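Each chain, letter by letter, is given below.
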Amino acid sequence: MRHICTSIVATLVLAGTSFAATINVPGDHATIQAAIDAASDGDEIRVAPGTYTGAGNQVVDMLGKAVWLHSSDGPEATIISGMDKRRGIRCVNAEQNNTIIEGFTIRDCLSDCCGAGISCYPGSPTIKNCIIIENHSELGGGGIYCRTVGSEVSNPAIINCRIENNVAASNAGGVYVYPNCSPTITGCTISGNIAGDIYAGAGGGIRCDGTPTITGSWVCG
């Protein structure tokens, strides 16, 4: 009787257990977006070296999924390029810090508003070990844009990133922090970014209308 009960308990435990998948790009899916479309919360998306472009308004939309999107060989080898036509990464479905974006160069992205490199509107992903460079937004956040929507706030964790040579016509060439947003910026270099003077106090490196926590970082040029 004891063995029967043990078997029933084991079966119930296994039935209630879900296993995370590892999805390879381009091995399993040709594009990063196709891999995200197929992923479930907890999955790992591993991206091989190469330059990844897209269609529409952005290269990648995280779709609110709690996945670990990362390169296999680091940002120098793995590029998300907007080709001066579209945004790089979109996080607008209230992503939390368990949505992880790691190890990419995000460059040559373009947006008419609200973040060219990465738009967190609202979203609070973890952005690690990325190079966000030479992106252009007409209205805010050439590199990264953080903004609230209603009760949803944007508090991304930005860790060990280089945010360089991004441009916004207004409101922060590097990082824009909207009121009520509290991102953490740790171990980053934010340099050579430019904001136009459409609005006073535009903020070349960071515009802080919210309350970011910035530690161990350089903001210069």
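To start, this report covers the structure provided alongside it. Only a predicted model underlies this, so the values are computations on that prediction, with no experimental measurement involved. Residue positions within a chain follow its written sequence, with the count starting from 1. With pLDDT at 70 or above as the cut-off, local features in this predicted model cover only qualifying residues; side-chain atom pairs require 80 or more to be listed or tallied, and sums for whole chains, interfaces and linings still use all residues. Hydrogens are left out, water is left out, and the side-chain values use all remaining heavy atoms of the structure.

A closer look at the nonpolar core
Link 1 in the chain: Grouped together as the largest cluster of nonpolar side chains are 39 residues, with contacts concentrated most on Ile 32, Ile 45 and Ile 144.
Link 2 in the chain: Helix and strand labels come from DSSP, where a helix needs a run of H or I of at least four residues and a strand needs a run of E of at least two; each type is numbered from the N terminus. Those elements that place two or more of their residues in this core are strand E1 (22-25), helix H2 (32-38), strand E2 (44-47), strand E4 (58-61), strand E7 (87-91), strand E11 (118-120), strand E15 (144-146) and strand E19 (175-177). By nonpolar core we mean a set of buried residues, namely Ala, Val, Leu, Ile, Met, Phe, Trp, Tyr and Cys, connected to one another through side-chain atoms within 4.5 Å. Burial classes: relative accessible area under 20% of the type maximum marks a residue as buried, over 50% as exposed, and values in between as partly exposed (1.4 Å probe, protein chains only).

Considerations on the pattern of salt bridges
Link 1 in the chain: One side-chain nitrogen of Lys or Arg within 4 Å of one carboxyl oxygen of Asp or Glu is enough to make a salt bridge. Per the stated rule, a full pass over the model turns up five salt bridges.
Link 2 in the chain: Residue Asp 209 is joined to Arg 207 by a salt bridge in which the shortest nitrogen-to-oxygen separation is 2.9 Å.
Link 3 in the chain: According to the relative accessible area criterion, Asp 209 is partly exposed, its value standing at 32%.
Link 4 in the chain: Here the salt bridges do not stand alone but share partners, grouping Arg 107, Asp 108 and Glu 134 into one network.

Things to note about the side chain of Ser 111
Link 1 in the chain: Along the polypeptide, Ser 111 turns up in strand E10 (residues 110-111).
Link 2 in the chain: For Ser 111, a relative accessible area of 5% puts it in the buried group.

Some words on the environment of Thr 31
Link 1 in the chain: By secondary structure assignment, the location of Thr 31 is in the loop between E1 and H2.
Link 2 in the chain: Sequence-wise, Thr 31 and Val 59 are 28 residues apart; in three dimensions their C-alpha atoms are separated by 9.3 Å.

Re the sheet that holds strand E9 (residues 105-107)
Link 1 in the chain: Only when DSSP finds a minimum of two bridges between them are two strands counted as paired. In spatial order, the strands read E3-E6-E9-E13-E17-E21-E25; together these seven strands make up an open sheet with parallel pairing. The sheet is open, and its two borders are formed by strand E3 (50-52) and strand E25 (218-220), each paired with just one other strand. Sheet twist, expressed as the average angle between the axes of neighbouring strands with direction ignored, equals 10 degrees.
Link 2 in the chain: Examined bridge by bridge, strand E6 (residues 78-81) and E9 share three bridges and lie parallel to one another. Within the sheet, the bridge partner assigned to Ser 81 lies in E9 and is Arg 107. Axis definition: a line fitted to C-alpha atoms, limited for helices to the stretch in contact. Angles are taken between N-to-C directions and run from 0 to 180 degrees.

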